[in-house]
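# Notes for the structure review
What follows is each chain in one-letter form.
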Amino acid sequence: STARVRVGYVNVLTSNRNEGAVASWIESSGADVVLAVEVNERWERRLVQSSSYDVTFSHPRTDNFGIALLARRGGAATVTSSGLAAVFETVFDVPVVEARVRFGDCSFRLLGLHTLPPTGPRYAAWRDGQLATAASWARGGGPAVVLGDLNATRWSHPFRALLRDGRLVDSARGFGLH
């Protein structure tokens, strides 16, 4: 199939008060599916007001690890579960969204996450564990997209391991840093 789906990502920044600019970017992005991280209840209310998107999953939090998935009306992003969400919430205390995305003839699995920042040895080990878990998930059957705030540079060993072990392609490839 030559069908294409545009996937977008935005870190809304929990403390950001410029909700209109973020909402405008989402509306004008051309993305069929948008993952938003750092979603709190205020941001969730703002995202629900979108005229072009449905919020198909939302897990707001009072810290910086809330997450939401939006799908352009006319497509489908069905939240699914292989138990991965429970692992992330129980082991790492952060939510993830796992979804099956369908737009026209195009279908793929999507994993959206916001990993812990590697601010010390414990968090670095947890972040690396989150990325290794995401790589294992990506290998689990059919086309997959992993996106979010990974708290890793594209040059870091954990990120390169995610790409290699998950059989993924860096979205910057062919487009440069973004």
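Residues numbered from 1 in each chain as written. Predicted model: local features only at pLDDT ≥ 70, side-chain atom pairs only at ≥ 80, totals over all residues. Heavy atoms only, no water.

## Looking at the pairing of strand E6 (residues 96-103)
The condition that has to hold: Relative accessible area decides the class of each residue, using a 1.4 Å probe on protein chains only: under 20% of the type maximum gives buried, over 50% gives exposed, and in between gives partly exposed. Secondary structure follows DSSP: runs of H or I at least 4 residues long count as helices, runs of E at least 2 residues long count as strands, and numbering of each begins at the N terminus. Think of it this way: DSSP has to see at least two bridges between two strands before they count as a pair.
With respect to burial, E6 is a largely interior element, six of its eight residues being buried. Strand direction decides the pairing type here: E6 and strand E7 (residues 106-114), joined by eight bridges, are antiparallel. Its bridge partner lying in E7, Val-97 is registered against Gly-112.

## Description of the pattern of salt bridges
Threshold: Here, a salt bridge means any Lys or Arg side-chain nitrogen found within 4 Å of an Asp or Glu carboxyl oxygen.
With the rule as written, the count across this model stands at seven salt bridges. Three or more residues joined by partner-sharing salt bridges are found here, namely Arg-61, Asp-63 and Asp-93.

## Brief notes about helix H3 (residues 84-92)
The criterion, for reference: The arc in question is traced by the directions running from the helix axis to the C-beta atoms. Contacts are residue-level and defined by heavy atoms, with any inter-residue pair within 4.5 Å sufficient.
Here H3 has its buried residues at Leu-84, Phe-88 and Phe-92. Taken around the axis of H3, the buried residues stretch over an arc of 40 degrees, which confines them to a single face. Where H3 is buried, its residues touch E6, E7 and helix H4 (121-138). Once H3 finishes, Asp-93 follows within two positions and takes phi at roughly 60 degrees, a positive value.

## Overview of the side chain of Asp-32
Worth spelling out the cut-off: We count Lys and Arg on the positive side and Asp and Glu on the negative side, and we leave His and both chain ends out.
Here Asp-32 shows up in the loop between helix H1 (19-28) and strand E2 (33-37). Here Asp-32 occupies a buried position and makes no salt bridge, while the nearest side chain of opposite charge, Arg-72, is found at 4.1 Å. Apart from residues lying up to four places away in sequence, Asp-32 is in contact with Arg-4, Val-5, Arg-6, Tyr-53, Leu-70, Ala-71, Arg-72 and Phe-103.

## Quick notes on the nonpolar core
Rules: Nonpolar core, defined: a set of buried Ala, Val, Leu, Ile, Met, Phe, Trp, Tyr and Cys residues in which side-chain atoms within 4.5 Å join the residues together.
Core analysis: the biggest nonpolar cluster contains 20 residues, and Phe-88, Leu-111, Leu-113, Val-146 and Leu-162 have the highest contact counts within it. If you tally residues by element for this core, the top one is H4, at five residues. In this structure, Ile-67, Leu-69, Leu-110 and Leu-147 belong to the second largest nonpolar core, which totals 17 residues.

## With respect to the environment of Ala-172
With respect to the element layout, Ala-172 can be found in the segment after helix H5 (157-166). The exposure class assigned to Ala-172 is buried, which follows from its relative accessible area of 7%.

## Some thoughts on the packing of H3 against H4
Operational definition: Only the contacting stretch of a helix is used when fitting its axis, a line to C-alpha atoms as for every element, and angles between N-to-C directions run 0 to 180 degrees. We call two directions roughly parallel when the angle between them is under 35 degrees, roughly antiparallel when it is over 145, roughly perpendicular when it lies between 65 and 115, and oblique otherwise. Following the grouping adopted for this structure description, the nonpolar residues are Ala, Val, Leu, Ile, Met, Phe, Trp, Tyr, Cys and Pro, the charged ones are Asp, Glu, Lys and Arg, and the polar ones are all others, Gly among them.
The contact between H3 and H4 brings their axes to 12 Å, and the two run at 170 degrees. What the angle tells us is that H3 and H4 run roughly antiparallel. Judged by residue contacts, Leu-84, Phe-88 and Phe-92 of H3 engage Trp-126, Gly-129, Gln-130, Thr-133 and Trp-137 from H4. When its residues are assigned to classes, the contact of H3 with H4 shows five nonpolar, three polar and no charged.

## Some words on the sheet that holds strand E3 (residues 53-59)
The strand order across the open sheet formed by four strands is E1-E2-E4-E3, and the pairing between neighbours is mixed. A single partner strand is all that each edge strand has here, and the edge strands are strand E1 (7-11) and E3. When the angles between neighbouring strand axes are averaged without regard to direction, this sheet yields 20 degrees. Of the strand pairs in this sheet, E2 and strand E4 (residues 67-72) are connected by five bridges, and their pairing is antiparallel. Residue Ala-36 lies in a different strand from E4, and its bridge partner there is Ala-68. Against the sheet, H1 engages E1, E2, E3 and E4, with an angle of about 170 degrees to E1.

## Section: the packing of aromatic side chains
Applied cut-off: Between rings of Phe, Tyr and Trp, where Trp is taken as its six-membered ring, a pair exists when centres lie within 6.5 Å; planes separated by under 30 degrees are stacked, by over 60 edge-to-face, and by other angles tilted.
Here the structure, examined in full by the defined rule, presents two aromatic pairs. Aromatic pair Phe-88 and Phe-92: ring centres 5.3 Å apart, planes at 55 degrees, arrangement tilted. In this pair, Phe-88 and Phe-92 both sit in helix H3, four residues apart, roughly one turn of the helix. Neither residue differs from the other here; Phe-88 and Phe-92 are each classed as buried.

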